[in-house]
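Structural characterization, general
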Amino acid sequence: MGRKSTKENKNIYQLSREAMNYSRDAAAEKMDCISADRIEKIENEKTLPHPEEVLAMADCYKTPSLCNYFCSHECPIGMEYVPEIKKKELSQITLEMLATLNKLTQGKDRLIEITVDGELSEDELPDFLKIKEELMKMSQAIDSLNLWLDQTIASGKIDRNLLPKEFRK
C-alpha cells in the first residue's frame, strides 16, 4: 500500500477511493479500465473523468453518488438538467415525500382546472408554477430514495438479487 495523502481539499473521487482504503494502484487493478496515472490526474483535477470512468469508480468505491456528482457538477448537459442529490436517511426521505404528496393532493384539483382547456393563462401561471415546484420536490425525493437504495445495495445491506429484475441495474 502506498503512502497516505496529506493533500488538503481532496476531491470527491479521492475521498471515495481513500474511504475504501485503496491506493491508486489497487483501485486501478480492481477497475481494470483506469490506470493509476489516470486516477491521479482525475484526483488532482488535471483532467475530468469520462462517464464510463465515473461508473467504474462508483462501483469500485461503492459510492453510487459519484454518478450524480459527475452529472450535476462536471457534465455540461447534466449541469443544466440534473439536480444534485444529497445523501439522506430513509426516514427524512419518507417524510419529505409525504409532505410533498400532501401538497400535491391539495393542488391536484387546481391543476386539473388549469390544464383542462390545454392552455395556460396569465392568471393561472402562479398556481401552475407552485404545483410544478412541488412536482420537482417529489422528483428529487424519488431520486434521493433511488440513491439511498443504490447506496444500501452497494454497502451490502441489501442483496441486489433479492430485488425484482426491473429494480436491478
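A short tour of the structure in this document, coming up. Note that the structure is predicted; figures quoted are calculated from it, not measured.

Right, let's talk about a negative patch on the surface for a bit. A grouping of D25, E29, D32, D37 and E40 is seen on the molecular surface, where their side chains present a negatively charged patch. Residue placement: D25 occurs in helix α2 (residues 24-31).

Taken as a whole and assessed by the stated rule, the structure comprises ten salt bridges. Close ionic contact of E43 with R24 constitutes a salt bridge, the shortest N to O distance being 2.7 Å. Placement of the pair is E43 in helix α3 (residues 36-43) and R24 in helix α2, with a sequence separation of 19 residues. You can call E43 buried: its relative accessible area is 1%. With a closest N to O distance of 2.8 Å, E96 and K88 form a salt bridge. Given a relative accessible area of 27%, E96 falls into the partly exposed group. Looking at K88, the relative accessible area reads 24%, which means it is partly exposed. The network of salt bridges with shared partners includes K10, R17, E18, R24 and E43.

The next point concerns the nonpolar core. Grouped together as the largest cluster of nonpolar side chains are 18 residues, with contacts concentrated most on Y13, M31, I39, M57, Y61 and L66. The set of elements that each furnish at least two residues to this core consists of α2, α3, α4 (51-60) and α5 (65-73). Take this core: its biggest share by element is five residues, from α4. Counting residues in hydrophobic clusters, the runner-up holds five residues, among them I93, M97, L104 and M138.

Cut-offs applied
For every chain, the first residue of the written sequence is number 1, and numbering continues from 1 onward in sequence order. Note on the predicted model: pLDDT of at least 70 is required for a residue's local features to be given, and 80 or more for side-chain atom pairs to be given and counted; whole-chain, interface and lining totals, by contrast, use all residues. The side-chain numbers reported here are obtained from all heavy atoms of the structure, hydrogens and water having been left aside. Patch criteria: residues need more than 30% relative accessible area and no salt bridge. Like-charged residues are merged within 9 Å; nonpolar side chains of Val, Leu, Ile, Met, Phe, Trp and Tyr are merged within 5 Å. In these tables, accessible area is a Shrake-Rupley quantity obtained with a 1.4 Å probe, and a residue counts as shielded only by the protein chains included in the view. Salt bridge, as used here: a side-chain nitrogen of Lys or Arg that lies within 4 Å of a carboxyl oxygen of Asp or Glu. The positive count covers Lys and Arg only, the negative count covers Asp and Glu only, and His and the chain ends enter neither. Where a charge lies is defined by one atom per residue type, namely NZ (Lys), CZ (Arg), CG (Asp) and CD (Glu). A helix here means a DSSP run of H or I that spans at least four residues, while a strand means a run of E at least two residues long, and both kinds are numbered starting from the N terminus. Buried residues are those whose accessible area, probed at 1.4 Å on protein chains only, stays under 20% of the maximum for their type, while exposed residues exceed 50% and partly exposed ones sit between those limits. To form a nonpolar core, buried Ala, Val, Leu, Ile, Met, Phe, Trp, Tyr and Cys residues must be joined to one another through side-chain atoms within 4.5 Å.

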